[in-house]
Amino acid sequence: MKRWKLTLQVAATYVGTVVGAGFATGKEIVQFFTQYGELGMVGILVSGLFFIWLGSKMMLLSHAIGASSYQQLNTYLFGDVLGKAVNGVMIVILFGVTSVMLASTGAIGKEQFGLWPPVGMIFTIVLTYIFIAKGINGILMVNSLVVPMMLSFAFIIFMPNISYFSLIQTKPDLTLVTQWKWAVSPFLYISLNLALAQAVLVPLGSSVKDRSVIKKGAVIGGCVLTFMLVSTHLALSNLPYSFQLDIPMSAVVKNISAWVNVLFTVVVLGEIFTTLIGNVFGIAKQLQSFLPLNDKQAFAFIILACFIIGQFGYAQLLEFLYPIFGYIGLAFVWMLCIKKEKIS
């Protein structure tokens, strides 16, 4: 029983780490899949297979080499020199993404509850510190609470309307299809998500002692991610102009009921929160490799820095960094594919 409980916690943490605000709003699903029409479904199934395979391999490699941070895994994959360069870019982008996510909780608090943005951010900071202070157990706990809500939301938008879904309602951009961008898209999606997810999956793989738990957790997590991608893609396929919307899922939930719209807001906040605490945890592990900080000091330093950065906005810097991160993500996925696993 304990083994299955841990397996489900690993699966939930995998899902919660990969799924972020872009997933919840539907924007990234439209960008990577739905705009290609029925070919987007092919891309989703390819992504699902890679989520199962590479998510498992990342955690098993981390388990085998005893990597407590993504810095150690990247050094193992790329070598000392390239590994340092990759880790340098990783920590900058993780700081940027974490700052933006923290700032977004302030924006949501203002929009939904009329709060002054810093109030929403401070409330999120307090919750983040409470859970993150518990270490990897805190991450397992919060994902075990939030991911079932994500999965329930996926069922709500999928099951009642399954007979009305059409894979080709959204007409694909023929230019993108003939340029084979639809075939490249799932690999870009995988590379971006898995490169970011290593901040949590590496220490998670190292902390779980049972290899079979890691394998089963990765398979379950990969299958859940695939189902959530499929359900969101099918729902958005009924919106012919979904690619023109900033939050396309909001148009879907408005057609269901008011309480589903409330659940949608909660799910978005939950998905931001799970990714936020995962990023803070991953950055802390890297900072501790070259700064004399204990866990609580590292967490406090990172959260405070992200709060300050979040006051100014980070959009332009991220716009510049994301293409670079995409290429590094592809390199990371390639090295993960070809690197042989050391069996401990």
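As the structure is a computational prediction, the values presented were derived from the model and not from experiment.

Asker: When you look at the packing of aromatic side chains in this model, what are you seeing that I'm missing?
Answerer: For any pair of aromatic rings, the description rests on two quantities: the centre-to-centre distance and the angle between the ring planes. Following the criterion strictly, the structure yields 11 aromatic pairs and no others. Both rings, one in F32 and one in F33, keep their centres 6.4 Å apart while their planes meet at 45 degrees; by these two values the pair is tilted. Look at F32 and you get buried, because its relative accessible area is 10%. Classification of F33 as buried rests on a relative accessible area of 1%. Measuring from centroid to centroid gives 6.0 Å for F131 and F273, while their planes differ by 75 degrees, and the two rings are edge-to-face. A residue pair is termed long-range when its members are at least 10 positions apart, and F131 in helix α7 (residues 117–132) and F273 in helix α13 (residues 258–287) qualify at 142 residues.

Asker: What am I meant to see in the environment of F123 here?
Answerer: Counting through the fold element by element, F123 comes out in helix α7. We classify F123 as exposed; its relative accessible area is 55%. Spatially, the C-alpha atoms of F123 and T105 are 9.1 Å apart, while their sequence positions differ by 18 residues.

Asker: Looking at this structure, how should I read the packing of helix α10 (residues 181–207) against α13?
Answerer: A pair of packed helices is captured by two measures, namely the crossing angle of their axes and the spacing between those axes. Where α10 contacts α13, the two axes come as close as 8 Å, and the packing angle between them is 70 degrees. If you check the angle between α10 and α13, you find them roughly perpendicular. Note on packing geometry: the crossing formed by α10 with α13 is left-handed. Side by side, α10 and α13 meet where A199, V200 and P203 of the first sit next to G278, F281 and G282 of the second. Within the contact of α10 with α13, the residues separate by chemical class into four nonpolar, two polar and no charged.

Asker: I would appreciate a short explanation of the side chain of T13 in the present structure.
Answerer: Tracing the sequence through the fold places T13 in helix α1 (residues 2–18). Other than its neighbours up to four places away in sequence, T13 contacts I139, L140, N143, V200 and L204.

Asker: What is the right way to look at a nonpolar patch on the surface in this model?
Answerer: Residues V184, F187, L188, Y327 and L330 make up a contiguous nonpolar surface patch of about 460 Å² in total accessible area. Those elements that provide at least two residues to the nonpolar patch are α10 and α15 (315–338). In terms of residue count, α10 provides more of the nonpolar patch than any other element does, three residues in total. By the secondary structure assignment, L330 is in helix α15.

Asker: I keep staring at the packing of helix α5 (residues 70–78) against α10 and nothing clicks. Help me out?
Answerer: Running from amino to carboxyl end, α5 crosses α10 at an angle of 100 degrees, the nearest separation of the two axes being 8 Å. It follows that α5 is roughly perpendicular to α10 by the angle criterion. For the pair formed by α5 and α10, the contact residues are Y70, L73 and N74 on the first element and Q198, A199 and V202 on the second. Along the lines of polarity and charge, the residues of the contact of α5 with α10 split into four nonpolar, two polar and no charged.

Conventions and cut-offs
- Residues numbered from 1 in each chain as written.
- Predicted model: local features only at pLDDT ≥ 70, side-chain atom pairs only at ≥ 80, totals over all residues.
- Heavy atoms only, no water.
- Phe/Tyr/Trp six-rings, centres within 6.5 Å; stacked < 30°, edge-to-face > 60°.
- Buried < 20%, exposed > 50% of the residue type's maximum accessible area, 1.4 Å probe, protein only.
- Helix = DSSP H or I, 4+ residues; strand = E, 2+ residues; numbered from the N terminus.
- Axes fitted to C-alpha atoms, helices over the stretch in contact; angles between N-to-C directions.
- Parallel < 35°, antiparallel > 145°, perpendicular 65-115°, else oblique.
- Left-handed = near helix turned anticlockwise from the far one by under 90°.
- Contact = heavy atoms within 4.5 Å.
- Nonpolar A, V, L, I, M, F, W, Y, C, P; charged D, E, K, R; others polar.
- Patch = residues over 30% accessible without salt bridge, like charges linked within 9 Å, V, L, I, M, F, W, Y side chains within 5 Å.
- Areas by Shrake-Rupley, 256 points an atom, 1.4 Å probe, with all protein chains shown as cover.
- Salt bridge = Lys/Arg side-chain N within 4 Å of Asp/Glu carboxyl O.

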